[in-house]
Amino acid sequence: MSDLHRNVIKVIEAGRDLGVEVVPRSYPQGAKTAQDAADAIGVEVGQIVKSLIFGVATEDPDAELELVLAYVSGANQLDEKKLAAAAGARKCRRVDAEAVHTSTGFPIGGVPPFGHDHPLRIFIDPDLLRYDEVWAAAGTWNDVFGIAPDVLADASGGVVTDLRRE
């Protein structure tokens, strides 16, 4: 494992702690989009797990935003109103790269399903459950791993709920 990036090792170890075997694949060219990732791996774009961090606001205007994580099928766009409703919030908004890194310990584009620095509530697009295997980031822009979507949901503690923009 010494040739693996420290973030990938962190994901492998977090997976092991959850009873999930993480077998990373590295793509040196990386992937800027879900379609790029699907093409590199050789799967449908819907099998790519987009990990999106949002801040949700409660009814209290003085309260800090709570950061939540949405796993969305690469074929779908996130409906922010549906995410806010699922989180019991009045609205949600994207957060910047620094907030993502601070909350998860990983960069945008490399956020895995588990192993985050701080616990986050997780919401999962049910369209991911249509596949036998989905592909998630393994801690960097260049590393991914395959996982059964039911295992993803169980290991991450996520709530499956409609998140797709119509």
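Residues numbered from 1 in each chain as written. Predicted model: local features only at pLDDT ≥ 70, side-chain atom pairs only at ≥ 80, totals over all residues. Heavy atoms only, no water.

A. Local environment of the overall build of the chain. Across its full length, the chain carries five helices and eight strands. For the chain, the succession of helices and strands along the chain, N to C, is α-β-α-β-β-α-β-α-β-β-β-α-β. Computed over C-alpha atoms, the radius of gyration of the chain comes to 15 Å, within 12% of the 15 Å expected from 2.2 N^0.38 for 166 residues, which places it in the range of a compact globule. The contacts of the chain with a sequence gap of at least 6 include a subset with a gap of at least 24, amounting to 65%. Carbon and sulfur atoms provide 48% of the accessible area of the chain, an area that totals close to 8,600 Å². Computed over 16 positive and 26 negative side-chain charges, the inter-centroid distance for the chain is 5 Å. (Helix = DSSP H or I, 4+ residues; strand = E, 2+ residues; numbered from the N terminus. Rg over C-alpha atoms; globule rule 2.2 N^0.38 Å. Contact = heavy atoms within 4.5 Å. Areas by Shrake-Rupley, 256 points an atom, 1.4 Å probe, with all protein chains shown as cover. Lys, Arg positive; Asp, Glu negative; His and termini not counted. Charge placed at Lys NZ, Arg CZ, Asp CG, Glu CD.)

B. Structural context of the pairing of strand β7 (residues 143–147). For β7, a buried count of four out of five residues is recorded, marking the element as mostly surrounded by other parts of the structure. As paired strands, strand β1 (residues 25–26) and β7 are joined by two bridges and run antiparallel to one another. Looking across to β7, one finds that Arg25 is bridged to Val144. One ladder, built from four bridges, connects strand β6 (residues 134–137) with β7; its direction is antiparallel. Within the sheet, the bridge partner assigned to Ala136 lies in β7 and is Phe145. Linking β6 to β7, which pair antiparallel, is a turn of five residues; within it Gly139 sits at a positive phi near 105°. (Buried < 20%, exposed > 50% of the residue type's maximum accessible area, 1.4 Å probe, protein only. Pairing = 2+ DSSP bridges.)

Structural measurements only, silent on function.
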